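# Survey of secondary and tertiary structure
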Amino acid sequence: MKTWSVESLCLTVAAIVLILASVVALIALSDAHAVPRWLFSLTIALAGTALVVSLRIRALAMARNTAQSRYRHFIDTAHEGVWTLDGDSTTTFANARVAQMFGTTPGAMRGRSMQDFLGDNPRRDLDEMISADAAHVGYTHDLSYRRVDGSIGWAIVSGRPMLGDEGMAEGTLLMLTDITERKAAELELAAVQIGLEVRIRMRTAELERSNAQLRIEVAERQMAENALAESFRELRQLSSHLETIKEEERKRIAKGIHDELGQNLMALKLDVEMLHARTGQRHPLLKRKVGDVLDTIDLTIRSVRAIMNDLHPSTLELGLPAASEWLVQQFEKRSGIATSLTVSEGEGPPPDSHRTEVIFRIIQECLLNILRHAQASHVEVELDIGTEYLTITIVDNGVGMGPGDAAKVASFGLRGIRERVDVFGGQMVIDSRPGGGTTLAMMIPLESHETEAGLA
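Counting all residues, the mean pLDDT for the protein is 79, and 78% of those residues have values of 70 or more. Of the regions scoring below 50 in pLDDT, residues 449–456 engages in 15 contacts with residues more than four places distant in sequence or in other chains.

Structure representation (structure tokens):
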């Protein structure tokens, strides 16, 4: 049965009214008394009204057709895809954009199932898109679609139910936005990111291996440094012990010379002096020979005393200031170099015997180096004995040293001095330049655990 639209029904009624009016008008013209005047007037009025209504309806229909044409043009030229489905998910309408995305035409899409294009997606997502629940507000998903040629694209698909006159869902309206290029870029970026993560993991693993190896090397190096430091400590202890043994041996030899050779020489001198006194004038030649023997004995005694003082000066028993004063006097007498000594003593205790002997040898070695290399004409020696530190400063006006001279292989004198200072945990500074003389400053603690360990 054909369904009549409101416009068709109205136009049909208007046509019938006009026909009736025409019949009444013809009857009235043929017989004026056959039709009452009021009926004629009513007929004419109805005819006019029907004519106006029909014209108005025609104008509204034309306006509606124009609006529909514009809407269709908008839908067909929209950048978004518009796709409508009926209750069986069959295509009822598709604009040009959707057809272009799927690689076909709108006409070819009508009657085709949604599964033909979106069937590769999860069923749950598709069921949400085409839900027949009229209360649904719609869902949006990133879905893949399959083109007619079999290639794959991606789109943002938003589905909403289409409601009928009674408010029930009669189909689904789908809006599609093509994101194939964006998805391809995302996939490419994801692949790059995965590759980057793989490289990062590989690099991290490599760095971890390198760090582990480095930690092993650092531990080995630390062990080697500790062993080297222990070797240095043991060498310093040995050096200090050897110096102590050397000094004790010097003292023992000097005492042996004094007790045996010195006493024997003195006894021999007394006997020769008695012989010299008894010879008198009767044996002048013998007396002269005995006098020569006495001179030789005196020279020998002086040589023995010099050897004893070189081995272990007796002034060391009087303390460091007295021993240093004797050493400076002997150096000036033997070398001819003007030498001065300045001693400053604090209220603290004097250095112990071991420090006194080592510091005495340090000053002696410095003076010998000046005599051998400096070509100086004046030397100043300063001793400052404080409560915690003892400072030694030796200044000469000699030829000085160039850069690196102190580190030369043959510089055993300075190395020996530095080693003696290091044994006590002290410090040594050399200030020298070619032609400007040399200043040697040393600071030695009066108490040192290192020395005690070295003497153990």
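A few words on the pattern of salt bridges. Per the stated rule, a full pass over the model turns up ten salt bridges. The salt bridge involving R146 is made with D120; its shortest N-O contact spans 2.9 Å. Here R146, found in strand β3 (residues 139–146), pairs with D120, found in the loop between α5 (115–118) and α6 (123–129); they are 26 residues apart in sequence, far enough to count as distant. Residue R146 is classed as partly exposed on the basis of its relative accessible area, which comes to 33%. Here E225 makes a salt bridge to R221, at a shortest N to O gap of 3.2 Å. With a gap of four residues between them, E225 and R221 both fall in helix α7 (residues 180–279), about one helical turn apart. Given the relative accessible area of 36%, E225 is considered partly exposed. When salt bridges that share partners are traced, they join D142, R182, K183 and E186 into one network.

Right, let's talk about the packing of aromatic side chains for a bit. Considering all chains together, one arrives at four aromatic pairs under this definition. Centroid distance W83 to F102: 5.3 Å. Interplanar angle 75 degrees. Geometry classified as edge-to-face. A residue pair is termed long-range when its members are at least 10 positions apart, and W83 in strand β1 (residues 81–86) and F102 in helix α3 (residues 96–102) qualify at 19 residues. With respect to burial, W83 and F102 carry one shared label: buried.

Parameters and conventions
- Residues numbered from 1 in each chain as written.
- Predicted model: local features only at pLDDT ≥ 70, side-chain atom pairs only at ≥ 80, totals over all residues.
- Heavy atoms only, no water.
- pLDDT = per-residue confidence, 0-100.
- Contact = heavy atoms within 4.5 Å.
- Salt bridge = Lys/Arg side-chain N within 4 Å of Asp/Glu carboxyl O.
- Helix = DSSP H or I, 4+ residues; strand = E, 2+ residues; numbered from the N terminus.
- Buried < 20%, exposed > 50% of the residue type's maximum accessible area, 1.4 Å probe, protein only.
- Phe/Tyr/Trp six-rings, centres within 6.5 Å; stacked < 30°, edge-to-face > 60°.

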